[in-house]
Every structure is written in structure tokens, then in C-alpha cells.
Amino acid sequence: QVQLMESGGGLVQAGGSLRLSCAASGAIFSINTMAWYRQARGKQRELVATITKGGNTNYADSVTGRFTISRDDAKNTVYLQMNSLKPEDTAVYYCNVLLRQIFSSDYANYWGQGTQVTVSS
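Small disclaimer: the values here were computed from a predicted structure and weren't measured.

A. Quick peek at the packing of aromatic side chains. For the structure shown, the criterion picks out 1 aromatic pair. Above the ring of Y79, the side-chain terminus of R19 is found at 4.0 Å from the ring centroid. Geometry around Y94 places R45 over its ring, the cationic atom sitting 3.7 Å from the centre.

This is the structure we're talking about:
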């Protein structure tokens, strides 16, 4: 079994900062790409940022220059540092991890439970 545990969401004023964390645990053999998605009320889930095993990052245009994704492979954890937050960043944020379990030959995607981020104007 694999679990993804997210933390760090909350309520913040516009212009403020939050740092999200997502720790993967369980029978993990290897982790490939890690990512953050978000879903605002009434909208489709969208990709926010990705980071590869080699550390290459990619961001949605709407967060470029404000958000930073990083990872700590020793802790099987991915982070999302969010600065200069705007009301339109309000959403449930989900981590997504592409990993291979012990005794498995295939990689599969796993999702966190989601954490609410609310930015007030």
C-alpha cells in the first residue's frame, strides 16, 4: 500500500505565502515524476507544476515566477512554495506521484487527498 499525505494548506491574505508538502509512504521502490494539481470550485483539475526525478521543473503560466516546486528524495516528499498568492489561486491542491512499488515492474500514478488553499482579497 502507498499513501500520500499532504499538509500546509490554509487561509492566507492576498500577497501572502504558503508551503505545501506531500509525503509518500509505503512499499515504494522508486519515484519518478512528482506534481501538484489544483481544482477550483466548478472548474476542472489543472496542472500547476511538475518536477522530474532529475530535478527538471515545469509550471503553469499562471503560477510561473510565484510558485516553486521542489523534492526531497530521501524523504519521498514534494513541496510547493507559493508566494504572492492571489484570490484566483484558491482551490484544492492535490499532489500526484508517479512511482513503482516494491515487487512491481510498473509505474503507476497516485494522488493525495487534497488540501484546501484559500486566498482572501
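B. Structural detail: the sheet that holds strand β7 (residues 67-72). The sheet built from 4 strands is open, its strands ordered β1-β3-β8-β7 with antiparallel pairing. Among the strands making up the open sheet, the edge pair consists of β1 (2-7) and β7. Each adjacent strand pair in this sheet contributes to an overall mean axis angle of 15°, direction not counted. Pairing analysis gives 6 bridges linking strand β3 (residues 18-26) to strand β8 (residues 77-82), with the strands arranged antiparallel. When the bridges of β8 are listed, A23 appears paired with T77.

C. Spotlight on the nonpolar core. Grouped together as the largest cluster of nonpolar side chains are 29 residues, with contacts concentrated most on W36, V48, F67, V78, L80, M82 and Y93. When residues of this core are assigned to their parent elements, the largest contribution, 5 residues, is made by strand β9 (residues 91-101). When neighbours within four sequence positions are excluded, V78 is seen to be in contact with L20, S21, C22, M34, W36, I51, I69, S70, R71 and C95.

Definitions and cut-offs
Residues numbered from 1 in each chain as written. Predicted model: local features only at pLDDT ≥ 70, side-chain atom pairs only at ≥ 80, totals over all residues. Heavy atoms only, no water. Phe/Tyr/Trp six-rings, centres within 6.5 Å; stacked < 30°, edge-to-face > 60°. Lys NZ or Arg CZ within 6 Å of the ring centre and 35° of its normal. Pairing = 2+ DSSP bridges. Helix = DSSP H or I, 4+ residues; strand = E, 2+ residues; numbered from the N terminus. Axes fitted to C-alpha atoms, helices over the stretch in contact; angles between N-to-C directions. Core = buried A, V, L, I, M, F, W, Y, C linked by side-chain atoms within 4.5 Å. Buried < 20%, exposed > 50% of the residue type's maximum accessible area, 1.4 Å probe, protein only. Contact = heavy atoms within 4.5 Å.

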